[in-house]
Amino acid sequence: MAERSFKHEVEKLKIAPGAEFEGEGILAVTKALLQSGVAYVGGYQGSPVSHLMDVLADASETLEELGVHFDSSASEATAAAMLGASVHYPLRGAITFKSTVGTNVASDALSNLASGGVTGGVLVILGEDYGEGSSIIQERSYAFAMKSQMWLLDPRPNHASLVRSVEKAFELSEASRTPAMLTMRVRACHSHGRFVASENRRPAFTVKDALDEPRRDIDRMALAPATFVHEHEKIADRWPAAQAFIKEHRLNEVFQNENLNIGLVVQGGLYNSLMRALELLGLADTYGATALPVYVMNVVYPVVDSEVEEFFAGKDAVLMLEEGQPEFIEQILHTTVNRMALTTRVHGKDMLPRAGEYTTLVLLKGLRRFLQKYAPSMLEQERIPEGVRQMLAPKVTPIVPSMPGAALDDGGPVLPRPPSFCTGCPERPVFTALKMVEKETGKHHISADIGCHQFAALAPFDIGATSMGYGLGAAGAAALNVADADRRSVSIMGDGGFWHNGLTSGIGNAVFNQSDNVIVLVDNGYSAATGGQDILSSRGAGPTRTASLPIVAAVRGIGVKWIRSVSRTYDLKAMKQALLEALTSRESGPKVVVAQSECMLNKQRRTKPQVRQRLKAGERVVVEKFGVDAQTCTGDHSCIRLSGCPSLTIKDNPDPLRRDPVATVESSCVACGHCGEVSHAAVLCPSFYRIQWVRNAGWFERQRNRLANAVIGSVQRRLAAREIRYAA
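Caption draft 1: Structural detail: the environment of Met 150. Assignment of secondary structure puts Met 150 in the loop between helix 7 (142-148) and strand 6 (151-153). In this structure the C-alpha to C-alpha distance between Met 150 and Ser 538, which are 388 residues apart in sequence, comes to 36 Å. Those residues in contact with Met 150, other than ones at most four positions away along the chain, are Leu 110, Ala 114, Val 124, Phe 144, Ala 145, Thr 178, Pro 179, Met 181 and Tyr 301.

Caption draft 2: Looking closely at the packing of aromatic side chains. Taken as a whole, this structure holds 17 aromatic pairs when the rule is applied. Three or more aromatic residues joined by ring pairs form one cluster here, namely Tyr 142, Trp 151, Trp 239, Tyr 301 and Phe 328. When the ring centre of Phe 144 is taken as origin, the NZ or CZ atom of Lys 147, which lies over that ring, is 4.4 Å away.

Caption draft 3: Broad picture of the pairing of strand 8 (residues 192-196). The side-chain alternation of strand 8 yields one buried face, formed by Gly 193 and Phe 195, and one unburied face, formed by His 192, Arg 194 and Val 196. Here strand 1 (residues 20-24) runs beside strand 8; their pairing, made up of five bridges, is antiparallel. Each bridged residue has a counterpart across the sheet, and for Glu 24 the counterpart in strand 8 is His 192.

Caption draft 4: Spatial organisation of the side chain of Lys 168. On the secondary structure map, Lys 168 appears in helix 8 (residues 159-176). Here Lys 168 falls in the buried class, since its relative accessible area comes to 16%.

Caption draft 5: Summary view of the sheet that holds strand 10 (residues 262-267). With mixed pairing, the five strands of this open sheet are ordered in space as 9-11-10-13-14. The open sheet has two free edges, formed respectively by strand 9 (253-255) and strand 14 (345-347), since each of these has just one partner strand. Direction aside, the axes of adjacent strands within the sheet are offset by 20° on average. Bridging between strand 9 and strand 11 (residues 294-297) involves three bridges; their strand directions are antiparallel. Within strand 11, the residue paired with Val 254 across the bridge is Tyr 295. Taken strand by strand, helix 15 (residues 360-374) contacts strand 10, strand 13 (317-321) and strand 14, and its axis lies near 170° from that of strand 13.

Caption draft 6: Expanded view of unusual backbone geometry. Residue Pro 302 is reached from Tyr 301 by a cis peptide bond, and omega for that bond is 5°. Here Pro 302 is to be found in the loop between strand 12 (299-301) and helix 13 (305-312). For the peptide bond that leads from Gln 325 to Pro 326, omega is -5°, which places it in the cis range. Checked against the element boundaries, Pro 326 lands in the loop between strand 13 and helix 14 (328-339).

Definitions and limits used
Residues numbered from 1 in each chain as written. Predicted model: local features only at pLDDT ≥ 70, side-chain atom pairs only at ≥ 80, totals over all residues. Heavy atoms only, no water. Helix = DSSP H or I, 4+ residues; strand = E, 2+ residues; numbered from the N terminus. Contact = heavy atoms within 4.5 Å. Phe/Tyr/Trp six-rings, centres within 6.5 Å; stacked < 30°, edge-to-face > 60°. Lys NZ or Arg CZ within 6 Å of the ring centre and 35° of its normal. Buried < 20%, exposed > 50% of the residue type's maximum accessible area, 1.4 Å probe, protein only. Pairing = 2+ DSSP bridges. Axes fitted to C-alpha atoms, helices over the stretch in contact; angles between N-to-C directions.

In structure tokens form, the structure reads like this:
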């Protein structure tokens, strides 16, 4: 069950040739793959291309009709290894995953693929997750493209350009026998646009044909001594072939003005932001028409030297707009200028920030510096709104730790709001229990992992010291396996990371090395952090996949003997007991605690349609909510400190004689019961209560409710009268 369904949208993939296709960027890319005659596709979900995998899964019927094989890969390495099908066969293959972390995982397979080269066209669609909205380490795909010599496309983020780039990428790959990569930023993935559709093509050579006609070329295998030949082949044959194809088919674009002696060079993916910045300067219109010469690099690697020479001719200075660091393209331009003895000055990171996302505002500042130096008269046309102009002024907004009861005045400091678990998340009680256990056992070194559970490293839990990669939680604590230590380390791993590689790199490694540490496996039933996709242990994953494989059986099968499974993480008493046993057990070997409860977001997606259907049918439905009795609450707020639930907050104390605000539960509560469990497990207070809202109640239930309200109302009126009498 993914975050959203594309069952309706994928019908657009069947649109007639010549018709106008309209939709999200990821749908446009999927259509481009089908128009390119792709034979097989695969990949692993991850922002910002998670939805591309969801679209492919929902379009399974269309893929089957065209004879396209689709694989939902277990990891990025699995996906990259799929491309081996194109080494000997004229099969066009495409995979997708998140970069940079996904590229790191897939690096071994991609390096081997790039060494021997390919026969069929190969395309890797990368989610270039860079900038403030990113959830990963800030690195670029460019370094990997250079390292393994794989061509890197960064097309202009409009649908026509995206579709053409996908189609031409396959041709470029075939012409140069080299894998190609195409980066998709989040705006390109989710932007809406249109283009004129072409006909979907069945692969000229199918996967079935490959099986029927096995082929083998030992020279294409990454095997010594052929690998030494591959390096020379890359430089002598594939590189010139790629440059010639790029130039012949005009994959890069030039918007030239012969009368100006300055120009701009920009990565294709930054083109829209550049045009908006030029528009604010009065140097472009809303349709992108500009007087400034612009060289748009839709293919950022390899750089075509002859195109650079032609664009630089007659120009005194050029500004390179290259996002991220190091400034790989700028360095190449400096080398090209030097070798060709050009007189053009190349600017880039000397006028723009060395790191960080190049938003319109950032580009605007850099362009103004460049134009002030070389064409100050052009700035006389700038139409920068006053609000934007104020943002251009140097300003530092202090960030201070939040404090209970702190007030914010206009212009005051911004209080940080760290990312946290969703309302009702079943992972929250795991860390509440661990926090409680540490009060008895003392602090432990805790190795975190990639996934929702990584939020536990932030307030209010502050649990987690390191995070080395997806599924590497247990491996991250491998060095801390000391037999005579007084305490054991604790490592966290989610079910998505477990099936990704954690079963071998974490659990298997711990068994092999006789680790005595504790491993907590958070089993929420989905690859939740990437959008709620199904994994091997998911329940009801559909007819096309084998799922419902128990994690406990896999852990036991690899050799773990000490296993405790908690089937309901919200049961703090059971959760705490399992963790305490694991940390104090005298048995040798790794201790594994499997904490099971369904991801609350996916549960809501699954149950809400069912509830609506039952209500529509007039069936009885019970909705639970939790609340806090303001008269009983002492204002201690320990429940908040041990829970951190977004629906649990504070409000003014109704008692005029008490100043401390009281806890309250907002309407977003999903009745997971964690706040109440925390209060009672920690022996905090009895102020939490649970209510049941019965909809479509029966006749007897309604009569009983009227009677109860009458009795309770009578008692309340007598108590109120007595209070008034005593007060008088």
